[in-house]
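Listed here are the chains, written in short residue letters.
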Amino acid sequence: METEETEIREVLPRDAIPSIDDPEFGPSYFGEGSDEVIVVDGDPARAYPVRVLSYHEVVNDAVAEVPIAVTWCPICWSALVYDRRVDGEALTFGVSGNLADDSLVLYDRETGSEWQQTSGRCLRGPHEGRTLALRPSAVVTYDRFRDEYPDGVVLQPVRGRGPGESPAAAYDMAPYEGYRERSAFGLHGMRGEGEPREWDRADLDPKTVVLGVEHGGDAVGYPAPAVEAEGGVLADRVGDLAVVVFGDGDRLYAYEDPGVEFERRDGEIRGDGTTWSAATGESADGRRLDPVTTRRLFAFAWQDIHGPEAFYTG
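Residues numbered from 1 in each chain as written. Predicted model: local features only at pLDDT ≥ 70, side-chain atom pairs only at ≥ 80, totals over all residues. Heavy atoms only, no water.

(A) Expanded view of the pairing of strand β3 (residues 36-40). When you tally the buried positions in β3, you get five out of five residues, the bulk of the element. Neither face of β3 is exposed, since Glu36, Ile38 and Val40 on one face and Val37 and Val39 on the opposite face are all buried. In this sheet, strand β14 (residues 138-141) lies alongside β3 in antiparallel orientation, the contact comprising four bridges. By the bridge assignment, Ile38 is partnered in β14 with Val139. Note: β3 against strand β4 (residues 46-49), four bridges, orientation antiparallel. Paired with Val40 across the bridge in β4 is Arg46. The hairpin turn running from β3 into β4, its antiparallel successor, is five residues long. (Buried < 20%, exposed > 50% of the residue type's maximum accessible area, 1.4 Å probe, protein only. Helix = DSSP H or I, 4+ residues; strand = E, 2+ residues; numbered from the N terminus. Pairing = 2+ DSSP bridges.)

This is the structure:
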């Protein structure tokens with residue numbers, strides 16, 4: 001169940017944070033192997049570094065002829081990939097400069113409608129009340145991406161490509177990593193603006209990483225510590241959908257549960273006589289789990305869109 005009220009605030013001018021509308025891809029990445037990337041499967045698979053997205057927040061792209069928006073909100077730590085099509089028309093998204101309950105607000109250049117990134121809902125404009133369709137994606141380290149997808153390609157930097165410039169300097173993650181480590185959250189935690197937000201629950205930190213699953217009007221958020229407490233493998237139901245969630249620290253992955261009894265042992269996911277990749281759902285014997293579309297974000301952002309009861313509690 002989604003919360004009723006959404007506060008919208010103007011923080012920056014429209015397009016002050018520039019989207020990437022003509023993405024280029026290559027085999028190399030300028031950052032560290034431990035850097036996180038958002039992965040969209042395809043032929044080849046594509047990696048969108050969080051380090052680059054922190055300075056652009058949306059990439060308008062197409063994979064297998066499907067127009068997608070790869071989005072990232074540094075405040076909510078939310079990595080979400082959407083189908084850009086609404087009523088058969090492919091929209092092109094930019095950064096509005098507004099926040100809705102501390103979430104990035106996108107706007108489409110075709111109608112000017114404004115869309116909350118964490119929920120995909122259109123908050124105002126001609127498309128008000130519509131919701132963008134999620135596409136499957138995963139967040140992994142760059143090293144893991146390269147291991148799982150040796151032929152995969154990586155989004156190339158837009159900044160830091162001139163004479164004497166460096167992409168590593170142009171895409172400095174220090175401000176965002178500092179926010180990640182601070183206890184304060186929301187716009188106040190990121191920039192020190194406005195009043196601090198309150199967090200009135202003791203079972204979860206507001207910046208706990210959550211993997212949210214929605215199905216048929218039901219929604220369950222799986223906090224990383226809860227998955228870890230289950231041994232890194234958690235089987236559950238969201239409405240009538242049976243799911244299995246694999247966890248490795250803050251990196252969480254969800255699939256339709258095929259009825260196999262999985263366990264994590266010696267750092268590997270094992271089940272039905274073989275090993276499985278948590279990141280891709282592929283088994284060593286050639287089978288593949290069906291991915292579930294998910295929302296990966298901080299706990300406070302999941303609670304903003306679904307309320308305080310929409311968490312897995314065991």
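(B) View of the pairing of strand β6 (residues 66-73). Burial analysis of β6 places eight of its eight residues in the buried class, the great majority of the element. Adjacent in sequence and paired antiparallel, strand β5 (residues 58-63) and β6 are bridged by two residues, among which Ala64 carries a positive phi angle near 55°. Judged from the six bridges that link them, β6 and strand β7 (residues 78-83) form a sheet pairing that is antiparallel. Residue Thr71 lies in a different strand from β7, and its bridge partner there is Leu80. Connecting β6 to the next strand, β7, in antiparallel fashion are four residues, including Trp77 with a positive phi near 55°.

(C) The layout of surface pockets, seen in detail. Taken as a whole, the largest pocket holds about 520 Å³ of empty space. For the largest pocket, the lining is made up of 32 residues, of which Val39, Pro136, Ser137, Ala138 and Pro291 are closest to its centre. Of all the elements in the fold, those that place two or more residues in the lining of the largest pocket are β3, β6, β7, β14, β20 (251-256) and β24 (294-298). Among the elements that take part in the lining of the largest pocket, β20 stands out by supplying five residues, more than any other. The class makeup of the residues in the lining of the largest pocket is 21 nonpolar, four polar and seven charged. (1 Å grid on protein atoms, 1.4 Å probe; cavity = no way out; pocket = protein on both sides within 12 Å on 5 of 7 lines; lining within 4 Å. Points joined across faces, edges and corners; volume = space filled by probe spheres on them. Nonpolar A, V, L, I, M, F, W, Y, C, P; charged D, E, K, R; others polar.)

(D) Representation of the sheet that holds strand β2 (residues 25-26). Judged by pairing direction, the sheet is mixed, and its five strands sit side by side in the order β2-β15-β4-β3-β14 without closing on themselves. Looking at strand neighbours, the two that pair on one side only are β2 and β14, the edges of this open sheet. Two elements, β4 and strand β15 (residues 153-155), share two bridges in a ladder whose sense is parallel. Pairing of Arg46 across the sheet is with Val153, part of β15.

(E) Quick peek at the sheet that holds strand β23 (residues 274-276). The strand order across the open sheet built from three strands is β21-β22-β23, with neighbouring strands paired in antiparallel fashion. The sheet is open, and its two borders are formed by β21 (263-265) and β23, each paired with just one other strand. Between one strand axis and the next, the sheet turns through 45° on average, direction left out of account. (Axes fitted to C-alpha atoms, helices over the stretch in contact; angles between N-to-C directions.)

(F) Highlighting the pattern of salt bridges. In the structure shown here, the tally under the stated rule is 26 salt bridges. With a shortest N-O distance of 3.7 Å, Asp15 and Arg109 are connected by a salt bridge. Here the residue Asp15 occupies a position in the loop between β1 (8-10) and β2, and Arg109 occupies one in the loop between β11 (103-108) and β12 (114-116), the gap between them amounting to 94 residues. Judged by relative accessible area, which is 33%, Asp15 ranks as partly exposed. The closest approach of N and O atoms between Asp203 and Arg201, which form a salt bridge, is 2.8 Å. Assessed through its relative accessible area of 19%, Arg201 is described here as buried. Each of Arg9, Asp102, Arg197 and Asp304 takes part in salt bridges that share partners, so that together they form one network. (Salt bridge = Lys/Arg side-chain N within 4 Å of Asp/Glu carboxyl O.)

Treat this as a map of the structure, not an account of what it does.
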